[in-house]
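Residue-level structural notes
Below, each chain spelled out in residue letters.
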Amino acid sequence: MDKIAFASFGSKAKPYVLTVAVQFGFAGAVLFSMASFNIGMSRFVFIVYRNIIAAVTLAPFAWFFERKVRPKMTISVFLQIMALAFLEPVIDQGFTFLGMQYTSASFTSILLNTVPSITFFLAVIFRIEQVNIKQIRSIAKVIGTLVTFAGALLMTIYKGPQIHLFYSPNTSHHHAGSHDTQTVKHWVSGTLFILLGCSAWSSFFILQSITLKKYPAEMSLSTLICFLGALQSSAVALVAEHHSGAGVWALGWNLRLYGPLYTGIVTSGITYYVQGLVLQSRGPVFFTAFNPLCMIITCALGSFLFGEQLHLGSIIGAVIIAMGLYFVVWGKAKDNSSATTTMPPSSVTMKQIETQQLPISSSDHV
């Protein structure tokens, strides 16, 4: 009996343990990226290596698990994949990393929580998501979107006094004095760059949901996106770093290698598989509800390891953004409940439920 009870408890706890582990993986990706930039690695080169590693990591699994279900490639699907590769690896990662260098890893992790609300806003524009002002769940999603934007706006225009979570003697020069010497113009620019990256990520979700209907092989699609993203970002890097010489592409046994390796394998590889397990058992609403945990982990570790200094405006904005996120998540949860109750139980499959849900989280990011 004890063994049965223990197995039952383990089965129930498994989604929670996996989701928390994934959030630690996401936080590690942000911190590894920032650490790589702090030692002088070009963000353009970082993006290239990260996506090459991700493509190489995913390719064997995509070939083996989806070799029988992978549909034939068409010109229209290929063009959509090219657009996806441009939105995510090139635009999203490029501007998010640029904004991170202007602000901090902690600040970036907070603003990344605006993605679900931006995705909902774009989905309404493209009529993927329906809004009925007579339904409480629709009102909650609209309010959540507005609250999230209000939190992001507050973080842009108000910094406030510094908040020291931890003292670290290893505080880097960049973070120890960056907010004292950084102009308001750079801070605002960094915020806008991060929000531009979040908008590209949200646009990626919209186009991805459309592409998956024509090319329903998720792992193969991710592999192609990473591969084509590596090619496109290579062209960008060659232009942006043409004056730097071959040395800018050099790797060593340091964070110039560990950063791309971690984000490529862990964020785009292992967490991709783990996220899939959680989505199959509990759905994307459950998974997204843990997103603020990544923000908390990043802020705590960023302060402890790098001596990053949070500001009062960032903390208040983080609370407001988290509140807005949960409004949106609650509205989506009600949408899912309504959709499943209107269908015969025998006809409700996981695939049908997923097609009714707007994608609001992804593993292939910072």
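Residues numbered from 1 in each chain as written. Predicted model: local features only at pLDDT ≥ 70, side-chain atom pairs only at ≥ 80, totals over all residues. Heavy atoms only, no water.

1. A few points about the overall build of the protein chain
Counting its secondary structure elements, the protein chain contains 14 helices and 2 strands. Expressed as a percentage of its 366 residues, the buried residues of the protein chain come to 51%. A separation threshold of at least 6 residues defines the contact pool for the protein chain, and within that pool the share at least 24 residues apart is 89%. Working note: accessible area of the protein chain is about 17200 Å², and carbon and sulfur atoms make up 72% of it. (Helix = DSSP H or I, 4+ residues; strand = E, 2+ residues; numbered from the N terminus. Buried < 20%, exposed > 50% of the residue type's maximum accessible area, 1.4 Å probe, protein only. Contact = heavy atoms within 4.5 Å. Areas by Shrake-Rupley, 256 points an atom, 1.4 Å probe, with all protein chains shown as cover.)

2. Side note on the nonpolar core
In this structure, Ile110 and Leu111 are the most contacted members of the largest nonpolar core, which totals 33 residues. The set of elements that each furnish at least two residues to this core consists of helix H3 (75–102), helix H4 (105–111), helix H5 (115–125), helix H6 (136–157), helix H8 (184–214), helix H9 (218–240), helix H12 (291–306) and helix H13 (312–341). Top element by residues in this core is H8. It accounts for 9 residues. Setting aside residues no more than four positions away along its own chain, Leu111 makes contact with Ala152, Met155, Thr191, Ile194, Leu195, Cys198 and Ile321. Grouped together as the second largest cluster of nonpolar side chains are 15 residues, Val30, Phe37, Phe46 and Ala105 included. (Core = buried A, V, L, I, M, F, W, Y, C linked by side-chain atoms within 4.5 Å.)

3. Structural notes on the confidence of the model for the protein chain
Overall, the predicted model of the protein chain reaches an average pLDDT of 82, with 81% of residues at or above 70. This model gives residues 168–179 a pLDDT under 50, and the stretch forms 28 contacts once residues within four places in sequence are excluded. pLDDT under 50 marks residues 346–363. Its contacts with residues more than four places away, or in other chains, come to 44 contacts. (pLDDT = per-residue confidence, 0-100.)

4. With respect to the layout of surface pockets
Gaps left between atoms show up when a probe the size of a water molecule is rolled over them. Taken as a whole, the second largest pocket encloses approximately 180 Å³ of empty space. If you go around the second largest pocket, you meet 11 residues; those closest to its centre are Met295, Ile296, Cys299, Ile315 and Ala318. Counting only elements with at least two residues in the lining of the second largest pocket, the list comes to H12 and H13. The residue makeup of the lining of the second largest pocket, split by class, is 11 nonpolar, no polar and no charged. (1 Å grid on protein atoms, 1.4 Å probe; cavity = no way out; pocket = protein on both sides within 12 Å on 5 of 7 lines; lining within 4 Å. Points joined across faces, edges and corners; volume = space filled by probe spheres on them. Nonpolar A, V, L, I, M, F, W, Y, C, P; charged D, E, K, R; others polar.)

5. Section: the packing of aromatic side chains
All told, the structure shown has 14 aromatic pairs when counted by the stated rule. With a centroid separation of 4.5 Å and 15 degrees between ring planes, the pair formed by Phe32 and Tyr262 is classed as stacked. One end of the pair, Phe32, is in helix H1 (residues 2–38); the other, Tyr262, is in helix H10 (residues 255–282), and 230 residues separate them in sequence. Measuring from ring centre to ring centre gives 5.1 Å for Phe64 and Phe65, while their planes differ by 85 degrees; the resulting arrangement is edge-to-face. (Phe/Tyr/Trp six-rings, centres within 6.5 Å; stacked < 30°, edge-to-face > 60°.)

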